[in-house]
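If you want the building blocks of each chain, they are given just below.
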Amino acid sequence: MTENYYKWQSPSLGREFEMLVFGHAGYPLILFPTSMGRYYENKDRGLIESVAWFVQNGRVRIYCPDSIDASSWFNRHIHPSERARNHALYDGLLMDELLPRIRQETGHERVAVGGCSFGGYHAANFAFRHPESVAYLFSLSGLFDIRSRAEGHYDDNIYYHNPMDFVPDNSHPDLWRMGIVLGAAEHDISRAQNEQFSGILQQKNIQHWLDVRPNSHHDWPAWKEMLPHYLSLLKH
């Protein structure tokens, strides 16, 4: 399996940023790490190996960017407004630095996004903020409400990066073109949020699949079963 490491000085963040890319061809998938995870987490935890067939056969090319969670939503040493501003900078990096690179390398205008646990939040937030750029969302035990990381503070940055809040008001036509999977385990700490968010999508008549896996938990074994199944649904 082809694996490449990249590091560059990010204009959006004003610091170095790192990423791993797996595969030589195929549909682009941005795969985020879990809370405060690094760009190599999905490899180290075996998630990349679980979808090796898709990568080796040129079906997908997987981009694993670093996170800045320790500087944004998980930084208890700064005010929640600053956490939200830092996350907005991360969103800018994805849009202004990563997405153009992916388009140039793969020829695809729209991408798939995915992630496990808090990585599912990153994937969902990016997908619903930028539906014109995202064709598929694969959220594995993801979170959709960021307010617990804001300690009661609320502002525009939090609203516009909180899918549970901004999606009900979002009427972008590409939302109805997206292939959306909300995966959760039967015994999942995020199952209730997935069911609640599924209800929001149902109210908007946005097609999606709420996939609750029986006899499973919020952990890597379940996610390593989910992701290969979801990648098999790609039609590009």
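Look up a bit, the structure's there.
Residues numbered from 1 in each chain as written. Predicted model: local features only at pLDDT ≥ 70, side-chain atom pairs only at ≥ 80, totals over all residues. Heavy atoms only, no water.

Undergrad: Please provide a residue-by-residue account of the packing of aromatic side chains, values included.
TA: Under the defined criterion, the tally for this structure stands at 15 aromatic pairs. Arranged with centres 5.0 Å apart and planes meeting at 85°, the rings of F74 and F118 form a pair that is edge-to-face. Placement of F74 in the loop between β4 (60-65) and α4 (80-106) and of F118 in helix α5 (residues 118-129) is noted, with a sequence separation of 44 residues between them. Taken together, the ring pairs connect Y27, Y136, F138, W209 and Y230 into an aromatic cluster. (Phe/Tyr/Trp six-rings, centres within 6.5 Å; stacked < 30°, edge-to-face > 60°. Helix = DSSP H or I, 4+ residues; strand = E, 2+ residues; numbered from the N terminus.)

Undergrad: Hey, could you go over unusual backbone geometry for me, with residue numbers and the actual values?
TA: The backbone phi angle of M36 is positive, close to 60°, even though this residue is not glycine. Relative to the assigned elements, M36 resides in the loop between β3 (27-32) and α1 (41-44). Looking at M36, the relative accessible area reads 44%, which means it is partly exposed. Backbone geometry places N205, a non-glycine residue, at a positive phi of 60°. You can see N205 is positioned in the loop between α8 (191-203) and β8 (209-217). Judged by relative accessible area, which is 63%, N205 ranks as exposed. (Buried < 20%, exposed > 50% of the residue type's maximum accessible area, 1.4 Å probe, protein only.)

Undergrad: Residues and numbers for the pairing of strand β1 (residues 3-10), please.
TA: With eight bridges connecting them, β1 and strand β2 (residues 15-22) associate as antiparallel partners. Paired with Q9 across the two strands is E16, which belongs to β2. In this antiparallel pair of consecutive strands, β1 and β2, the connection spans four residues, and G14 shows a positive phi of 70°. (Pairing = 2+ DSSP bridges.)

Undergrad: I'd love a proper account of the pattern of salt bridges, names of residues and values included.
TA: Evaluated as defined, the whole model comprises 14 salt bridges. R147 is the partner of D145 in a salt bridge, and the nearest nitrogen-oxygen pair spans 2.7 Å. Where D211 meets R213, a salt bridge forms, and the shortest distance between an N and an O atom there is 2.7 Å. Judged by relative accessible area, which is 15%, R213 ranks as buried. A single network of salt bridges, built from pairs that share partners, joins E18, R38 and D66. (Salt bridge = Lys/Arg side-chain N within 4 Å of Asp/Glu carboxyl O.)

Undergrad: Outline helix α9 (residues 220-231), supporting the account with residue identities and numerical values.
TA: With twelve residues, α9 extends 17 Å between its outermost C-alpha atoms, agreeing within 8% with the 16 Å of an ideal straight helix rising 1.5 Å per residue. For α9, the complete set of buried residues consists of W220, A222, W223, M226, L227, P228, Y230 and L231. (Expected span 1.5 Å × (residues − 1).)

Undergrad: I'd like a description of the sheet that holds β4, backed by residues and values.
TA: With respect to topology, eight strands assemble into an open sheet ordered β1-β2-β4-β3-β5-β6-β7-β8, the strand pairing being mixed. Strands with a single pairing partner mark the edges of an open sheet, and in this sheet they are β1 and β8. Within this sheet the neighbouring strands show an average axis-to-axis angle of 20°, counted without direction. Contacts from α4 reach β1, β2, β3, β4 and β5 (111-116) within the one sheet, and its direction differs from that of β4 by about 155°. Packing of α8 onto the sheet brings it into contact with β7 (179-187) and β8, and relative to β7 it is tilted by some 150°. (Axes fitted to C-alpha atoms, helices over the stretch in contact; angles between N-to-C directions. Contact = heavy atoms within 4.5 Å.)

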